[in-house]
Amino acid sequence: MNLQKILLGSVFAGVVLVAGISAEAKAPKDQFVIAMTMTSMRGLDPHELNQFESAEVVANLYDRLMMPNAEDQTVLEPAIAESWDVSEDGSTYTFHIRDGITFHSGNPLTARDVEWSLRRLVKMGLAPSRDLKQWGFTEDNVDDLIRATDDHTLVVETPEVWSPNLVLYSLASFSTSVVDSALVQENIQNDDYGLGFLQTHDAGSGPYSLRTWRANDTLIAEAFEDYWGGKPAMRRVILRNIPESSSQRLQLQSDDVDVATRLSSSDLNALAAEDDVHIETTPGVGFYYLALNQNDEILSNPKVREAFRYLIDYEGLSNTVMKYYGRMQQTIIPQGMTGAIDENPYSLDVDKAKELLAEAGYPDGFSKVYYATPVTPEYEIAQSIQANAGLAGIDLDLQSGDHIGDFRKRDYEVFSARTGERMPDPYAILRSYALNPDNSQEANLTGYMAWRAGWDVPADIQQLVRDVAHEVDPARREELYREINQKYLESSPPLVTSFQRMDARAVRNEVQGYVGQMTWVTRWDTVTKTE
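The structure presented is a predicted model; accordingly, all values stated were derived computationally and were not measured. (Residues numbered from 1 in each chain as written. Predicted model: local features only at pLDDT ≥ 70, side-chain atom pairs only at ≥ 80, totals over all residues. Heavy atoms only, no water.)

Asks: Break down the pairing of strand E16 (residues 414-418) for me, with residues and values.
Replies: Of all five residues making up E16, five are buried, and the element is well covered by its neighbours. The two faces of E16 match: Val-414, Ser-416 and Arg-418 on one face and Phe-415 and Ala-417 on the other face are all buried. Two strands pair when backbone bridges link them, and strand E12 (residues 277-292) and E16 are joined in this way by five bridges, in the antiparallel orientation. In the strand pairing of E16, Ala-291 is matched with Phe-415. Sheet analysis places strand E14 (residues 366-372) next to E16, joined by three bridges and oriented parallel. Counted as the bridge partner of Tyr-370 is Val-414 from E16. (Buried < 20%, exposed > 50% of the residue type's maximum accessible area, 1.4 Å probe, protein only. Helix = DSSP H or I, 4+ residues; strand = E, 2+ residues; numbered from the N terminus. Pairing = 2+ DSSP bridges.)

Asks: Give a detailed account of the sheet that holds strand E5 (residues 92-97), specifying residues and quantitative values.
Replies: Read from one edge of the open sheet, four strands run E4-E5-E7-E6, paired in antiparallel fashion. Because the sheet does not close on itself, it has two edges, and the strands there are strand E4 (81-86) and strand E6 (146-150). Within the sheet, the average angular offset between the axes of one strand and its neighbour, ignoring direction, is 20°. Pairing of E5 with strand E7 (residues 153-157) involves five bridges; the strand directions are antiparallel. Note that in E7 the partner of Phe-95 across the bridge is Leu-154. (Axes fitted to C-alpha atoms, helices over the stretch in contact; angles between N-to-C directions.)

Asks: Break down empty space enclosed by the protein for me, citing the residues and quoting the values.
Replies: Considering all chains together, one arrives at three cavities of 30 Å³ or more under this definition. The space that makes up the largest cavity amounts to roughly 180 Å³. Together, 18 residues line the largest cavity, and Asp-131, Ser-170, Ser-173, Arg-422 and Met-423 are the ones closest to its centre. In the lining of the largest cavity, the residues fall into eight nonpolar, five polar and five charged. Computed from the structure, the second largest cavity encloses a volume of approximately 80 Å³. (1 Å grid on protein atoms, 1.4 Å probe; cavity = no way out; pocket = protein on both sides within 12 Å on 5 of 7 lines; lining within 4 Å. Points joined across faces, edges and corners; volume = space filled by probe spheres on them. Nonpolar A, V, L, I, M, F, W, Y, C, P; charged D, E, K, R; others polar.)

Asks: Before we move on, could you go through the packing of aromatic side chains and cite the residues and values that matter?
Replies: Working definition: an aromatic ring pair is given by the centre-to-centre distance plus the angle between the planes. For the structure shown, the criterion picks out 16 aromatic pairs. With centroids separated by 5.1 Å and ring planes inclined at 65°, the aromatic side chains of Phe-32 and Tyr-514 adopt a geometry described as edge-to-face. Pair noted here: Phe-32 is in strand E1 (residues 31-36) and Tyr-514 is in the loop between strand E18 (511-512) and strand E19 (528-529), with a separation of 482 residues, a long-range link. For the pair formed by Phe-32 and Tyr-514, the shared burial category is buried. Judged by centre distance (5.8 Å) and plane angle (75°), the rings of Tyr-208 and Trp-524 are edge-to-face. (Phe/Tyr/Trp six-rings, centres within 6.5 Å; stacked < 30°, edge-to-face > 60°.)

Asks: Describe the pattern of salt bridges, with residues and values.
Replies: By the definition in use, this model includes 32 salt bridges. Residue Glu-56 pairs with Arg-505 through a salt bridge whose shortest N-O separation is 3.7 Å. On the criterion of sequence distance, the pair formed by Glu-56 in helix H2 (residues 52-61) and Arg-505 in strand E17 (residues 495-508) is long-range, its members being 449 residues apart. Taken individually, Glu-56 and Arg-505 each receive the classification buried, so the pair is uniform in this respect. In this structure, Arg-211 engages Glu-222 in a salt bridge whose closest nitrogen and oxygen atoms are separated by 2.6 Å. (Salt bridge = Lys/Arg side-chain N within 4 Å of Asp/Glu carboxyl O.)

Asks: Residues and numbers for helix H11 (residues 302-309), please.
Replies: Along an α-helix, residues three or four apart share an orientation, since each turn contains 3.6 residues. With six of eight residues buried, H11 is to be regarded as a mostly interior element. Within H11, burial applies to Val-304, Arg-305, Glu-306, Ala-307, Phe-308 and Arg-309. Sitting at the head of H11, Asn-301 places a side-chain oxygen 2.9 Å from the backbone nitrogen of Lys-303. (Polar contact = N/O pair within 3.5 Å; in protein donor to acceptor, adjacent residues only side chain to side chain.)

Asks: How would you sum up the environment of His-470? Please name residues and give values.
Replies: Looking at the secondary structure, you find His-470 in helix H18 (residues 459-470). If near-sequence neighbours (up to four positions away) are discounted, His-470 is found in contact with Glu-160, Val-161, Trp-162 and Ser-163. (Contact = heavy atoms within 4.5 Å.)

Asks: Quick one: what's the story with the side chain of Glu-378, residue by residue and with numbers?
Replies: In this structure, Glu-378 sits in helix H14 (residues 378-391). Once residues within four sequence positions are removed from consideration, Glu-378 is found in contact with Tyr-288, Thr-373, Ala-417 and Arg-418.

Asks: Account for the packing of H11 against helix H13 (residues 350-360), with residues named and values stated.
Replies: One can describe the packing of H11 onto H13 by two numbers: an axis separation of 8 Å at closest approach and a directional angle of 170°. Considered as vectors, H11 and H13 are oriented roughly antiparallel to each other. Every residue of H13 that contacts H11 at Lys-303, Val-304, Glu-306 and Ala-307 is listed here: Ala-353, Leu-356, Leu-357, Glu-359 and Ala-360. Taken together, the residues that form the contact of H11 with H13 break down as six nonpolar, no polar and three charged. (Parallel < 35°, antiparallel > 145°, perpendicular 65-115°, else oblique.)

Asks: Give me the lowdown on unusual backbone geometry, citing residues and values where you can.
Replies: Each neighbour pair has its own omega, and for Thr-376 with Pro-377 the value is 0°, a cis peptide bond. The residue Pro-377 is located in the loop between E14 and H14 in this model. Unusually for a residue other than glycine, Asp-191 sits at a positive phi of about 55°. Position of Asp-191 relative to the elements: it lies in the loop between helix H7 (181-186) and helix H8 (195-198). On the basis of relative accessible area, Asp-191 is assigned to the exposed category, the value being 62%.

Asks: So, the nonpolar core: which residues are in play, and what are the values?
Replies: Core analysis: the biggest nonpolar cluster contains 72 residues, and Leu-65, Phe-95, Val-114, Tyr-289, Tyr-427 and Tyr-433 have the highest contact counts within it. One finds Ile-238, Val-277, Leu-290 and Ile-385 within the second-largest nonpolar core, a separate group that totals 53 residues. (Core = buried A, V, L, I, M, F, W, Y, C linked by side-chain atoms within 4.5 Å.)

Asks: Break down the packing of helix H9 (residues 245-253) against helix H10 (residues 265-272) for me, with residues and values.
Replies: One way to put it is that H9 packs onto H10 with a least axis distance of 9 Å and a crossing angle of 15°. Considered as vectors, H9 and H10 are oriented roughly parallel to each other. Seen along the crossing, H9 lies across H10 with a hand that is right-handed. Residue-level contacts link Ser-245, Ser-246, Arg-249, Leu-252 and Gln-253 of H9 to Asp-267, Ala-270 and Leu-271 of H10. (Left-handed = near helix turned anticlockwise from the far one by under 90°.)

Interpretation note: all reported values are geometric properties and have no functional meaning in isolation.
If you want it as structure tokens, here you go:
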């Protein structure tokens, strides 16, 4: 089996666009049109993808055991599972599967489809499998631990006891979408688990079914009339690939599209002044960050790390480029989550940075190469940091481009970008930023941000993160989160957080019910349009 070839091939695969749908017509009242950048959408297999726009599509083509409440995503509501129980010892989860659900193919959905889907996710071992593997599921044990005892009952056992909310949140992620096992098995080729088929086809039971997908062009989804939750109001959803922010803005203003995404700050400001458009921002489980490679002798100095915190213009960026993209945040737990503390002790202070550099032994500064992502707002942040660093005597050679691979290999000096997790719990961030089980190069723990930074996280912080993952008492978990948050801030970490991620969309006022979700499962079946 060669999954890499399948993934690459699916980028160029597509379904022939159905004639009669104009790319330039005004959006009809029973159709919902979203403008977005689709260049990174390489496939639609829910057990393979790990990308924001694709996740929104999958969230509507497929169902999961549970779904996050649209207003409070820490609250889980029934979906495929109409109810569930957790054993007294916290190791066994029993899900009672809703009767009468059908896939788009017409096949009935049973607990055996859920079993097959979750096992498939783990056995494929691609990026989304972390959602289950982090709780101890492996290719060797998943058949014993995840099992359907009959058509309406699914039992999930964890090898260790974890905080139940963490496991349940993972089982509500888009990655645990339930696929039509009979249809997928009919389309397996060369032991690929049906990956080649699902990259361009739909095997779901969600409120919409895939009608057309042409890579880097158009995706069309049709309302599923037999959806167990009721037929959606919008009979059709159309995604259009419009990479240019200015083009999205113009088409939103002319009512050709209902929603515009990934807009520049200037276009967002322009649209905010429109009478028939409003800006929606969704807090994300992630940060805009600056990474300082700790394998570098200069950057590993704690005073140098501290100096960089004083070279970020938090207030200036907040009032300009980050107005819609981020909320100032210097601690590691996002505001609104358990354990958050309202403390931002740093501000732009070039003199303080110079003082720290002198104490570190670099009164004349130094030079480093700075990799930054060439998109808004990441690049504007990088330019600001470069300018402020220059005032302190640090010469940063700013190089834009796709350097995420270099970051993952620790082949960089200074790097900045943003992260986005999907679990509505602080552990999702702490596991990546504050855990590093093995800092050796050979360990290659690319899934950990701390490893990418080459940071041997203080042992007491790592132990606290492990403890909170296993803690079942909510009050104690909150205490642990607050302690971790404070210790992380005081450690002068090489992962310098500056803003909590916000995802901004411009939406026409006649659109109701389109609510962005930090868990990447934004729904279309709640959307209506007023006249």
